[in-house]
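# A look at the structure
What follows is each chain in one-letter form.
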Amino acid sequence: RFRHEQLRAAAAALVEAPVRVALHRGYATLLGDRGESPLVIADHLIASHAKGDDAAAWLTQAAALLVPYDATAALTLADRAVAVGNRPDRALAVVRLRALASMGRVEESDVLARALLADTATWNAASQASTARVERYDPDTLLSGRYRKVYENAFAHSPLEAPWPA
């Protein structure tokens, strides 16, 4: 961590670009393991040109944190997460929706909201399968039961169907 931008720039100039990229990637991993803010991790992932679903997940978390404060920056991070990720992500779509709506981009947010709602059946099926898998392979059945209660409480107050039969 550098206290002054000129010191950081001078140190960066002494390190070759491929090494600098690798250092940023390693630092992002280290910060993630330490539980640091996704915003700090996102900076290093961007500097390292990281790709893949892990990088997309960190960028999505950082974008979600930014939405209330700077929706434009949040949308930029979310769009970068779309670019680096390998598969569609519902959480990322929700972050993009929140950012678009916060920016007053009504048409785009409406299209995205309708797409998310149309995909609810697919999401419910995937959630049901995930819940069943956790309950089957989790040796602590009490913990699984607690998770089911959390899910039931969440869906009791949601317009979505619960992802399991009643």
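Report on the accompanying structure. (Residues numbered from 1 in each chain as written. Predicted model: local features only at pLDDT ≥ 70, side-chain atom pairs only at ≥ 80, totals over all residues. Heavy atoms only, no water.)

## A look at helix α5 (residues 71-84)
- With 14 residues, α5 should reach 20 Å at 1.5 Å per residue; the first-to-last C-alpha distance of 20 Å fits that figure.
- Burial in α5 covers these residues: Ala71, Ala74, Leu75, Leu77, Ala78, Ala81 and Val84.
- Check the buried side of α5 and you find it contacts α3 (38-47), α4 (53-66) and α6 (90-102). (Helix = DSSP H or I, 4+ residues; strand = E, 2+ residues; numbered from the N terminus. Expected span 1.5 Å × (residues − 1). Buried < 20%, exposed > 50% of the residue type's maximum accessible area, 1.4 Å probe, protein only. Contact = heavy atoms within 4.5 Å.)

## Focus: helix α7 (residues 106-118)
- With 13 residues, α7 extends 18 Å from end C-alpha to end C-alpha; this agrees with the ideal 18 Å at 1.5 Å per step.
- Looking at α7, one finds that the buried residues are Ser109, Leu112 and Leu116. Seen from one end, α7 has its buried residues packed into an arc of 65 degrees, which puts them on one side. The exposed set on the far side of α7, more than 90 degrees from its buried face, consists of Val106, Glu107, Val111, Arg114, Leu117 and Ala118. (Arc of directions from axis to C-beta.)

## Digging into unusual backbone geometry
- The residue histidine 49 is not glycine, and still its phi comes out positive at about 55 degrees.
- When you line up the elements, histidine 49 lands in the loop between α3 and α4.
- Its relative accessible area of 58% is what places histidine 49 among the exposed residues.

## Some points on the side chain of serine 48
- In this structure, serine 48 sits in the loop between α3 and α4.
- Classification of serine 48 by relative accessible area gives buried; the value is 6%.
- Sequence-distant contacts of serine 48, defined by excluding residues within four places in its chain, comprise Val21, His24 and Arg25.

Note that all results are geometric; they support no functional claim without further evidence.
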